[in-house]
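Take a look at the letters that make up each chain.
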Amino acid sequence: MRFLVTLMLLTTATATTARAEVASYTDLLIVGGTESGVAAAIQAARMGVKSITIVNDTEWLGGQFSSEALAAIDENRGPDGYGHGVPFPRNGLFKEAIERIEAFNKDAYGEARPGNTRVITTGRPKDSAKVFEDMLAPYIASRQVRVYSNLHLTEIHLGQFVMAEFVSDTGERRNFSPKLVIDATDWGDVVKLAGAAYEFGPDLKATYGEPLAPESREGYPLTDMNPITYCMIIEETDDYTPIPKPGGYDPRNYRDHAYPKDPLWLYPTRRLVDHYGFEKVSHPDVLLLCFPAFDYPTDVWPKKVADALEATELGASKKNIATLTRKQRQIVFEDAKLFSLGFLYYLQTEVHDGMEDKTHSFRRFKLSEEFGTDDKLPFKPYVRESLRTKCMYMMRQQDTTGHGGQAANFATVMYHDSVASWQFEYDFHPTGRKFLDDDPAGPWHNYFRKNRTWGPPYSGRSTFPIRSMVPEKIDGLLVAQKNLGYTSLVSSALRLHDQSMAVGQAVGAVAAVSLLENVAPRAIPYDRTLISKVQEGLCARLDGGQPATLWPFGDLDPEHPAFIAVNLLGVRGALPHGPNVAEFRADDTATPEWREAVVTRSLATKQYTDAPDAPQGEMTRGEFARQWWDVVKGLSDVPYTRLNPDDADGDGIPDQDDALLFSTASSTWPKYIPKANEDGNPDPLTSGTLLRLYNFTGPNAPQAEYFTNDTGTPISMEQCHGWKRDISKNHRIRGRVNEAWRDSFLFTRSHDVWEVFLGNGTYRVTVCIGDSEHEQTGQNVALEGKPVFEAVSTAAGMFAEATMEVTVADGRLTMDIGKVDSTTNTCVNWIRIVRP
């Protein structure tokens, strides 16, 4: 018996020792090898953190770029939409990654951008995974960074002694003891296991006051999330053999729903390699299939999925996907895979059979083998929305909306602790699932819920605050990827490849300052000097890297000599410009007035005894910014005054709800009050009788009270108003402002004529021109041959209104818009006709 007891003790000791041998101490533990996690690791390494560990749940690094196979790379986008570049230049680690991907493409396919598609750059998942591996390679070689693959977090304890335990699918266990942890996982694994507070599903309007948020939970269940999608990479062949029929395939899932109706539209929208469009490209076409037709909602499950979930845990089928266990989510993923494969099979069978010209039929494509998986699908689905960590501050839609409701402007709130820049539309894919026969066991289609859709409105040119990466109460943890401190609406606009990398890079900088300065991350937003260290670490050319954009001017490339100075001056409020000034104009002359404003605003944030001398002599704004920043950057920062522990500025708004922590204002900018003749709204009638009020808009547009819609169709006896020719296709409904008469217009780029039948006599007529989204130049309008507007320009979101008394002598009031041989648009919003 003594021998057996001794043997048992030795065995236990040996097992304990073996387990201890695989435990590792590290300064920074990053859970998740997503694009956000890799960016955090590189930035922290560049700023001097000596020991960094990444633990990844797959073999590939890069998240959306690689393991999720979203190979058509999405980027920041402004109201110009696709095909117009980005609202501000590529920057930071994203720019470095893209340049590597494009160099890889050039070598492999003969073109840096071989997709010839509506996004700018594409990168095959296997190629992008190699790029992220190469970006980390110098830091792995120096032993500053270590990477562990195919491990899943099972337990974590945060506090004085931090321990995280991981396990592989084969049972291998590893423990890590870090000083600080970053959650860069897809589903907030660390947040949940650490006991941090988090939210999920649609936020109600009463929670954060967002204009697009639903009023009640009815129709907006907590299980409603931006859908997941299993992307597919397919390669062109000479073989017309479809893939094997997926289990449970039902063509009704896709029939009459697999929009757009022309299947060849799928080619240019998400093409990765185009050998038809490029002479140098000999590789067969490669496409990414990632379309709403097979987006997989999470609000309610098909019966087979619900039953399988319930078999694991009573009530599991009613849980939000972010709160499911890894094994439970895998049940969902397996069905989502079949749904994606079913879409491809549908294209290769029913759609193929209906094509007259089968030259480019999808039957000629096969699934790529690059993932090495049995089903030839990527390791993970494309995850658009995760849980949302309850952070020191939760970003809201109203913060990020462009000032005055104009997407071309800077955001209403430019946070004092800004560490990244971004812009996109509030963009949901179909979040609802509707069973076609009200039978959960039968076919289904996805659908959009009201105000949870894609397209307008857009955010403004926005920034991201440190506070939204620091959990509200849990110490020792930062969040990244899509586990951030923002609402569901903001998450829909802040989830793209470049945005996730920018936020990851920012989290890495915050982690570095926290570790190197030995301060808790939650102290940083209250300390101007610590914020400056984070910002200066991001906006620097460390290890030959690209500096990050902190202040989103549209015309300043990271290669510009003044880029760093302008961003660091901008983010501390030292540059005198309004919210609608989207460009810095570095080559403009630095006027005495502009210089004085920069100096005054800069020195308000710096401590000094004698004011330093400003650079003298004639120079550009870029040259002045650069020289002046060299003068003041070494001065100590003026500390913030924290009036109360929970209300730093004493404005009565708790810090957790205060977007501007050290300002009693509700916006970074002065209140937006357009002039009466620039606001796009008809002025109240003070005299006369209203006869007609026409809103120029598109077909099926909502009817605004008091207005009659004119949709660009020719005049007729039936409708009594209209155009000399049909211009109904020349309409825009921007979705930028709530008032239909300001948001829509009809336009011409040449000359068109509108008329309305009206009795002879004298009338007071008001015309409004402009565009709620874009600047419009050189607009012309005449009434009865008399000019109302001549070559008038309107800024984005601004309008011009003019009133004229006109005499009708032929029974028709005539309005001419535009000019023959014009090269600019004339955009007419509405016309009001009053009898004096």
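Just so you know, these numbers come straight off a predicted model, no measurement behind them.

Caption draft 1: Highlighting the nonpolar core. Formed by 171 residues in total, the largest nonpolar core has its most connected members in Ile182, Leu289 and Met469. By residue number, the principal contributor to this core is helix H9 (residues 326-353), which donates 11 residues. The contacts of Leu289, once residues within four sequence positions are left out, are Cys231, Met232, Ile234, Leu266, Phe294, Leu344, Leu347 and Phe362. Core analysis: the next-biggest nonpolar cluster, separate from the first, contains 27 residues, Val767, Val781, Met815 and Ile831 among them.

Caption draft 2: Structural context of the sheet that holds strand E9 (residues 271-273). Spatially, the four strands line up as an open sheet ordered E9-E10-E8-E11, and their pairing is antiparallel. Every interior strand has two partners, whereas the edge strands, E9 and strand E11 (365-367), have only one. When the angles between neighbouring strand axes are averaged without regard to direction, this sheet yields 30 degrees. Against the sheet, H9 engages strand E8 (232-236), strand E10 (286-289) and E11, with an angle of about 30 degrees to E8.

Caption draft 3: Seen up close, the packing of helix H2 (residues 35-46) against helix H12 (residues 497-517). Across the interface, H2 lies against H12 with an axial gap of 7 Å and an inter-helix angle of 40 degrees. Note that H2 runs across H12; the crossing there is right-handed. Contacts from Glu35, Ser36, Ala39, Ala40, Gln43 and Ala44 in H2 reach His497, Ser500, Met501, Val503, Gly504, Gln505, Gly508, Ala509 and Ala512 in H12. Classifying every residue of the contact of H2 with H12 gives seven nonpolar, seven polar and one charged.

Caption draft 4: Focus on the sheet that holds strand E20 (residues 721-723). Spatially, the five strands line up as an open sheet ordered E20-E23-E28-E25-E26, and their pairing is antiparallel. The open sheet has two edge strands, E20 and strand E26 (786-794), and neither has a second partner. In this sheet, neighbouring strand axes are inclined to one another by 15 degrees on average, regardless of whether the strands run parallel or antiparallel.

Caption draft 5: H9, seen in detail. Here H9 contains 28 residues, and its C-alpha end-to-end distance of 40 Å stays within 8% of the 40 Å for a straight helix at 1.5 Å per residue. At Tyr346, H9 shows its maximal bend, which comes to roughly 35 degrees. Extensive coverage of H9 is indicated by the burial of 20 of its 28 residues.

Caption draft 6: Quick look at the packing of aromatic side chains. Overall, the coordinates contain 39 aromatic pairs when judged by the stated rule. Their ring planes at 75 degrees and their centres at 5.7 Å tell us that Phe166 and Phe176 sit as a pair that is edge-to-face. Remark: Phe176 occurs in strand E6 (residues 173-183) and Phe166 occurs in strand E5 (residues 163-167); sequence separation between them is 10 residues. Comparing Phe166 with Phe176, the two get one shared label, buried. Among the aromatic residues, those joined into a cluster by ring pairs are Tyr249, Tyr254, Phe294, Tyr296, Trp301, Phe339, Phe343, Tyr345, Tyr346 and Trp444. Here the basic side chain of Arg433 rests over the ring of Tyr296, its NZ or CZ set 4.4 Å away from the ring centre. Above the face of the Trp444 ring, Arg433 is positioned so that its terminal group lies 4.2 Å from the ring centre.

Caption draft 7: Molecular detail of the pattern of salt bridges. Inspection of every chain in the model, using the stated rule, returns 50 salt bridges. Where Lys376 meets Glu369, a salt bridge forms, and the shortest distance between an N and an O atom there is 3.4 Å. Classification of Lys376 by relative accessible area gives partly exposed; the value is 31%. Residue Glu369 is classed as exposed on the basis of its relative accessible area, which comes to 52%. It is possible to trace a salt-bridge network through shared partners that takes in Glu75, Arg90, Glu102 and Arg113.

Caption draft 8: Expanded view of the side chain of Arg734. On the secondary structure map, Arg734 appears in the loop between strand E21 (731-733) and helix H17 (740-743). Among the residues examined, Arg734 registers a relative accessible area of 13% and is labelled buried. Side chain to side chain, Arg734 and Asp771 meet in a polar contact 2.8 Å long.

Caption draft 9: Broad picture of the packing of helix H3 (residues 92-109) against H12. For the pair H3 and H12, interaxial distance at closest approach is 7 Å and the crossing angle is 130 degrees. Considering the angle they form, H3 stands oblique to H12. Of the residues in H12, those in contact with Gly92, Leu93, Phe94 and Ala97 of H3 are His497, Asp498, Met501 and Gln505. Of the residues assigned to the contact of H3 with H12, the class counts are four nonpolar, three polar and one charged.

The rules behind the values
- Residues numbered from 1 in each chain as written.
- Predicted model: local features only at pLDDT ≥ 70, side-chain atom pairs only at ≥ 80, totals over all residues.
- Heavy atoms only, no water.
- Core = buried A, V, L, I, M, F, W, Y, C linked by side-chain atoms within 4.5 Å.
- Buried < 20%, exposed > 50% of the residue type's maximum accessible area, 1.4 Å probe, protein only.
- Helix = DSSP H or I, 4+ residues; strand = E, 2+ residues; numbered from the N terminus.
- Contact = heavy atoms within 4.5 Å.
- Pairing = 2+ DSSP bridges.
- Axes fitted to C-alpha atoms, helices over the stretch in contact; angles between N-to-C directions.
- Left-handed = near helix turned anticlockwise from the far one by under 90°.
- Nonpolar A, V, L, I, M, F, W, Y, C, P; charged D, E, K, R; others polar.
- Expected span 1.5 Å × (residues − 1).
- Bend = angle between axes of the 7 residues up to and from the residue.
- Phe/Tyr/Trp six-rings, centres within 6.5 Å; stacked < 30°, edge-to-face > 60°.
- Lys NZ or Arg CZ within 6 Å of the ring centre and 35° of its normal.
- Salt bridge = Lys/Arg side-chain N within 4 Å of Asp/Glu carboxyl O.
- Polar contact = N/O pair within 3.5 Å; in protein donor to acceptor, adjacent residues only side chain to side chain.
- Parallel < 35°, antiparallel > 145°, perpendicular 65-115°, else oblique.

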